[in-house]
Amino acid sequence: MKNLISTINPFLLAAAVIIAAAPPSHGDGARDFSAVSYQYNATTFPETSYHKFKSRVSITDSGRVTVIEIKNYVSSQSKPDARVTIAISGNEAGSAIYNSKNELLAEFGKGEKVGESLYVFRQKDGERSVVALWFVDDNYIMSDYTISDGDNELLYKETVIYSAKTPVKKKK
């Protein structure tokens, strides 16, 4: 997925600056989530896999930009194995994925809101295309990544479902 990084997204950079100065909106901004990941890799011998892991989700809202940071603890290490940052402003969104060394693995700019709490990112790299969907709610988050070749054949699919360990009650 590293080849799918096009350029540094100014939207994500601006969000990082805003988020550094903004107070968190959910207490200390972090909550524990449990997560399950389902993956399909269409190799010569297609493989499927399933992983359960812990996550810590921080949501910060500055009024102009909402930034969601998801730290995934797949192994038993004390630092996260992966970190996802999603920046949302109005109907636009950007996201970036980092590994445990804080190296950028993938970046998706020009995401758009397509429904209540649903954002879609589309990106092309030569013959390959990626569609990433993010559903964001107070108590549930879901990501769905699909990588296809030029003939629209599925190469890779990953769906991750995050559930808050302590749900927040919805305001009526």
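Just above, that's the structure.
A brief structural summary. (Residues numbered from 1 in each chain as written. Predicted model: local features only at pLDDT ≥ 70, side-chain atom pairs only at ≥ 80, totals over all residues. Heavy atoms only, no water.)

1. A look at the side chain of Ser 37
Then step 1. Relative to the helices and strands, Ser 37 is located in strand β1 (residues 30–41).
Then step 2. At 3.5 Å, the side chain of Ser 37 forms a polar contact with the side chain of Glu 158.
Then step 3. When sequence neighbours within four positions are dropped, the list of residues in contact with Ser 37 reads Ser 49, Tyr 50, His 51, Phe 53, Glu 158, Thr 159 and Val 160. (Helix = DSSP H or I, 4+ residues; strand = E, 2+ residues; numbered from the N terminus. Polar contact = N/O pair within 3.5 Å; in protein donor to acceptor, adjacent residues only side chain to side chain. Contact = heavy atoms within 4.5 Å.)

2. With respect to the pairing of strand β9 (residues 140–148)
Then step 1. The buried fraction of β9 is high, at 7 of 9 residues.
Then step 2. Bridging between strand β8 (residues 128–136) and β9 involves 8 bridges; their strand directions are antiparallel. Each bridged residue has a counterpart across the sheet, and for Ala 132 the counterpart in β9 is Tyr 145.
Then step 3. Between β8 and β9, which follow one another and run antiparallel, lie 3 residues.
Then step 4. Bridge analysis of β9 against strand β10 (residues 154–164) gives 9 bridges, and the strand direction is antiparallel. (Buried < 20%, exposed > 50% of the residue type's maximum accessible area, 1.4 Å probe, protein only. Pairing = 2+ DSSP bridges.)

3. Overview of the nonpolar core
Then step 1. Grouped together as the largest cluster of nonpolar side chains are 27 residues, with contacts concentrated most on Ile 68, Ile 70, Trp 134, Ile 141 and Tyr 162.
Then step 2. Setting aside residues no more than four positions away along its own chain, Trp 134 makes contact with Ile 70, Val 84, Ile 86, Ser 117, Leu 118, Tyr 119, Phe 121, Ile 141, Met 142, Ser 143, Tyr 145 and Tyr 162. (Core = buried A, V, L, I, M, F, W, Y, C linked by side-chain atoms within 4.5 Å.)

4. So, a nonpolar patch on the surface
Then step 1. There is a patch of nonpolar side chains on the surface, built from Tyr 38, Tyr 50, Phe 135, Tyr 140, Met 142 and Ile 161 and spanning about 560 Å² of accessible area.
Then step 2. Mapping Tyr 140 onto the fold places it in strand β9.
Then step 3. The exposure class of Tyr 140 is partly exposed, given its relative accessible area of 47%. (Patch = residues over 30% accessible without salt bridge, like charges linked within 9 Å, V, L, I, M, F, W, Y side chains within 5 Å. Areas by Shrake-Rupley, 256 points an atom, 1.4 Å probe, with all protein chains shown as cover. Salt bridge = Lys/Arg side-chain N within 4 Å of Asp/Glu carboxyl O.)

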